[in-house]
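# An overview of the molecular structure
The residues making up each chain are set out below.
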Amino acid sequence: MILQGIAASDGIGLGRAVCVREASLDYSNVRYSDKETEKARLQEGIAEFSRRTSAMAAQIRERLGEKEAEILTGQIAMLADPYMRSQMEEAVEGGSCAEAAADSVCTMYAGMFACAEDELMRQRSADIRDMRGRLLAILLGEMELDLSQLAPGSVLVARDLTPSMTVGLKKENIAAILTETGGRTSHAAILARALELPAVLSVPKALEFIKDGDGLIVDGGMGEVILNPDERTRDEYLKGQEALLTQRALLAAYRDRPTVDASGKRYRLYANIGSAAEAEAALRAGAEGIGLFRTEFLFMNRASLPDETVQYEAYREVSHTMKGREVIIRTLDVGGDKAIEYLNMEPEENPFLGHRAIRYCLDCPELYKVQLRALLRAGAEEKNIRIMLPLVSCVEEVRSARKLLEICKAELEAERIPYDKDIALGVMIETPAAALIADLLAREAGFFSIGTNDLTQYTIAADRGNAMVEKLYSVFHPAVLRSIRNVIAAAKEAGIPVGVCGEAAADPALIPLLMAWGLDEFSVSTASVLSSRACIGRWHESETAKLAQEALGLSTAASVERCLRTAVGQPEGGEFRRSHRRQEISRIEGIQGEI
Ligand code: PEP
Ligand code: MG
């Protein structure tokens, strides 16, 4: 059986399905037996919770340190508290089953803490909600899947791949990723590419068709999933997998080369990362700098905010790893689909248009200052850190952020703590408003980086993660392309550097256009560094200018994409990916020739 989805991360993965199903935690069908039985079930549940939580705490202590582990040991202590226990037992005495007793008492405490004045106390509320969910899952006998313990060759099948799920993931054990939601630029796709794992997203009803242990082939380049393949098909794909590996090995020749086009013009080719540890891999992959460090991952999968020291150490690590090379660090881009539970953000009707990213940070200056101080301090030695503001939509936001940055500098000065006095402050252009006032923003910013993933979604008003509007969401839409061109022109006019850090920077069909318009910097996933360098090297200035003129003369996204894909030798339409795969393999000879 072949399931079709969105090709999100190239590569072929063969393995066995591990389905991640969300626990429903619905106990409405649980019948109350008798007081003694329910009390015994409650006690066993709590004992099991403590056992599992101690084991998790030990793992976290080893990986992240004592402080992070304390959050879990705190949960064990709370459940061991005689008063809390007696409240649960009282509920059982009153006729509640073990699940209802645990639920009502935990929910009551979570509500109490959520209203506390003190920020730390409020954060306890998220801890208790987490504790409630895990205790209920144990009482209901729901399996808790530990993603750090998956067997080698696992194909992860989930409704969605959330950033927090990936934190414990051991890449070497995962053959591929398959989800029911998400588009090419959704965070699941970006994460899969960062992990260099093949991924197919938005496979309808994947969790209905696929059972744990089913054999799967995931072709991330073609967006195809083959369920329980026969031996011949397996052999065919194993050969394809080998060919891809050969192709990657051949691209390695580009690792230590400069990024230059055929006319000798130089470009900067940077990598996007999500953690300090990824900087090392980016460097090994041939990246000349970091064009986007998504710092939100540092804030995820924890129970409280990372303090100034934790953040300082992470940013300094990247700065040191990249020694002498530029590191652009984006400040917290929270909200939208990037939830951070302990921040207790209000639910919103339109979270993507809501209180997120720079908007949230400027309204929480104490939280934001911690990050700005950490960034200023981390840049003190190498002086290679640049600060980038996400989701800017007006000039005032840049001014307010700069004001806060100046306050942080003054504080550090008074405290005699070293920091980078001249740290650059740049703006991410990812809203139509920012694109339209790029000339005004350019006067306030040290640099621009165009976030084409969000710029496309907001310009076309088409959700980047929604498969139903996937056909509308296209960076080739003339409106998006005009925006990009105008932003680059505004940056040139103002004399500030401009890059693209959205997924478009690595698309071979867009690269010549961006080159023609004068882009300075391409920031791509680590896996795409070498292929992007090879791609840039194939173009001559005169050819890109001609192509850009032709593409911008067209009036639909489809015709622009067709024109560009044809120019770069990627056939259009449904056949595109299939023959693209064949082309990629046969292009190995071409690359061999160039080397
Ligand atoms: C973008 O929007 O293009 C971008 C790079 O940021 P993110 O994908 O993290 O939203
Ligand atoms: Mg964005």
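Up top is the structure.
Residues numbered from 1 in each chain as written. Chains lettered and ligands numbered in written order. Predicted model: local features only at pLDDT ≥ 70, side-chain atom pairs only at ≥ 80, totals over all residues. Heavy atoms only, no water.

### A closer look at the overall build of the protein
So the rule is basically this: Under the DSSP-based scheme used, a helix requires at least four consecutive residues in state H or I and a strand at least two consecutive residues in state E, with every element numbered from the N terminus. We compute the radius of gyration over the C-alpha atoms and compare it with the globule rule, which gives 2.2 Å times the number of residues raised to the power 0.38. The contact criterion used is simple: two residues touch if any of their non-hydrogen atoms lie within 4.5 Å. Each accessible area is a Shrake-Rupley estimate made with a 1.4 Å probe; only the visible protein chains count as cover when residues are assessed. Under the convention used here, Asp and Glu are negative, Lys and Arg are positive, and both His and the chain ends fall outside the count. Charged side chains are reduced to one point each, which is NZ for Lys, CZ for Arg, CG for Asp and CD for Glu.
Looking only at helices and strands, the protein features 24 helices and 16 strands. The globule rule puts the C-alpha radius of gyration for 595 residues at 25 Å, and the 25 Å found for the protein is close to it. Taken along its principal axes, the extent of the C-alpha atoms in the protein is 85 × 70 × 40 Å. Put simply, 68% of the contacts in the protein that link residues at least 6 apart link residues at least 24 apart. Roughly 26,000 Å² of accessible area belongs to the protein as shown, and the carbon and sulfur atoms make up 52% of that amount. Considering the protein, the positive charge centre built from 70 side chains and the negative charge centre built from 89 side chains are found 4 Å apart.

### So, the sheet that holds strand β1 (residues 2-4)
Rules: Think of it this way: DSSP has to see at least two bridges between two strands before they count as a pair. Between N-to-C directions, angles cover 0 to 180 degrees, with each direction set by a line fitted to C-alpha atoms, over the stretch in contact for helices.
Spatially, β1-β8-β7-β3-β4-β5-β6-β2 is the arrangement adopted by the eight strands of the open sheet, whose pairing is mixed. Here the strands that pair on one side only, and so sit at the sheet edges, are β1 and β2 (6-9). Recorded for the sheet is a direction-independent mean angle of 30 degrees between the axes of neighbouring strands. Against the sheet, helix α7 (residues 187-194) makes contact with β2, β5 (174-179) and β6 (199-201), and its axis sits at roughly 45 degrees relative to β2, the strand it touches most. Against the sheet, helix α9 (residues 231-251) engages β3 (12-20), β7 (215-219) and β8 (224-227), with an angle of about 115 degrees to β3.

### Some details on the site of ligand 1
Let me state the cut-off plainly: Nearness is defined per residue: one heavy atom within 4 Å of the molecule or strand is enough. Identification of polar contacts relies on pairs of N or O atoms within 3.5 Å, with a donor-acceptor requirement for protein atoms, meaning one able to donate a hydrogen and the other able to accept it, and with residues adjacent in sequence counted only if both atoms are side-chain atoms. Method remark: on a 1 Å grid restricted to protein atoms, a set of points is classed as a cavity if a 1.4 Å probe fits but cannot get out and as a pocket if it is open with protein on both sides within 12 Å along at least five of seven lines; lining residues have an atom within 4 Å of a point. Occupancy of a cavity or pocket is assigned to a molecule whenever over half of its atoms lie within 2 Å of that pocket's grid points. Residues were grouped as follows: Ala, Val, Leu, Ile, Met, Phe, Trp, Tyr, Cys and Pro as nonpolar; Asp, Glu, Lys and Arg as charged; and all remaining residues, including Gly, as polar.
Close to ligand 1 lie 15 residues, the nearest being Arg294, Arg330, Gly451, Asn453 and Arg464. In the environment of ligand 1, an oxygen atom lies 2.8 Å from a nitrogen or oxygen atom belonging to the side chain of Arg294. One nitrogen or oxygen atom from the main chain of Thr452 is found 3.1 Å from an oxygen atom belonging to ligand 1. When ligand 1 is considered free in solution it has 290 Å² of accessible area, and contact with the protein chains removes 100% of it. Mapping ligand 1 onto the cavity grids shows that it belongs to the largest cavity. At the level of secondary structure, the elements contributing two or more residues to the shell around ligand 1 comprise α7, β10 (290-294) and α18 (452-460). Class assignment of the residues belonging to the shell around ligand 1 gives a composition of four nonpolar, five polar and six charged.

### Some thoughts on the nonpolar core
Heads up, the condition is: What we call a nonpolar core is a set of buried Ala, Val, Leu, Ile, Met, Phe, Trp, Tyr and Cys residues that are connected through their side-chain atoms within 4.5 Å. Throughout this description, buried means an accessible area under 20% of the type-specific maximum (1.4 Å probe, protein chains only), exposed means over 50%, and partly exposed covers the range between.
With 122 residues, the main nonpolar core has Tyr315, Phe448, Ile484 and Phe522 as its most contacted residues. Residues within four places of Phe522 in sequence aside, it is in contact with Tyr267, Arg268, Leu269, Tyr270, Val500, Ala505, Ile511, Leu514, Met515 and Ile536. Ranked by size, the runner-up nonpolar core spans 22 residues in total, among them Leu42, Met78, Ala98 and Leu139.

### Points about unusual backbone geometry
Although it is not a glycine, Asn344 sits at a positive phi angle of roughly 50 degrees. Within the secondary structure, Asn344 sits in the loop between β11 (327-330) and α13 (357-363). Take Asn344: its relative accessible area is 28%, and that puts it in the partly exposed class.

### Considerations on the pattern of salt bridges
This is how the line gets drawn: For this document, the term salt bridge refers to a Lys or Arg side-chain nitrogen within 4 Å of an Asp or Glu carboxyl oxygen.
Applying the stated criterion to the full structure yields 27 salt bridges. Linking Glu38 and Arg41 is a salt bridge whose minimum nitrogen-to-oxygen distance equals 2.7 Å. Pair noted here: Glu38 and Arg41 are both in helix α1 (residues 35-63), with a separation of three residues, about one helical turn. Overall, Glu38 belongs to the buried group, its relative accessible area being 0%. Here Glu288 and Arg533 are joined by a salt bridge, their closest N and O atoms 3.0 Å apart. Here Glu288 is found in the loop between α10 (278-284) and β10, whereas its partner Arg533 is found in helix α21 (residues 529-537), with 245 residues between them in sequence.

### Remarks on the coordination of the magnesium ion (ligand 2)
So the rule is basically this: Metal sites are built from N, O and S donor atoms within 2.8 Å, or 3.2 Å for Na, K and Ca, and they leave out water, so they may look incomplete.
For the magnesium ion (ligand 2), the full set of protein donor atoms is Glu430 (OE) and Asp454 (OD), and the range of their distances to it is 2.1 to 2.2 Å. Of the two residues, Glu430 sits in the loop between β13 (424-429) and α16 (432-436) while Asp454 sits in helix α18, which places them 24 residues apart along the sequence. Pair check on accessibility: Glu430 and Asp454 agree, each one buried.

### Side note on helix α22 (residues 541-552)
Put simply, the test is: How far a helix is expected to stretch is found by multiplying one less than its residue total by 1.5 Å. The arc refers to the directions leading from the helix axis to the C-beta atoms.
With 12 residues, α22 ought to run about 16 Å at 1.5 Å a step, and its terminal C-alpha atoms sit 17 Å apart, in line with that. Restricting attention to buried positions, one finds in α22 the residues Thr544, Leu547, Ala548 and Ala551. End-on, the buried residues of α22 take up no more than an arc of 105 degrees, which puts them together on one face. Facing away from the buried surface of α22 by more than 90 degrees, the exposed residues are Lys546 and Gln549. In this structure, the buried residues of α22 make contact with α20 (511-517) and α23 (557-567).

Take it as geometry only, folks, not as evidence of what the structure does.
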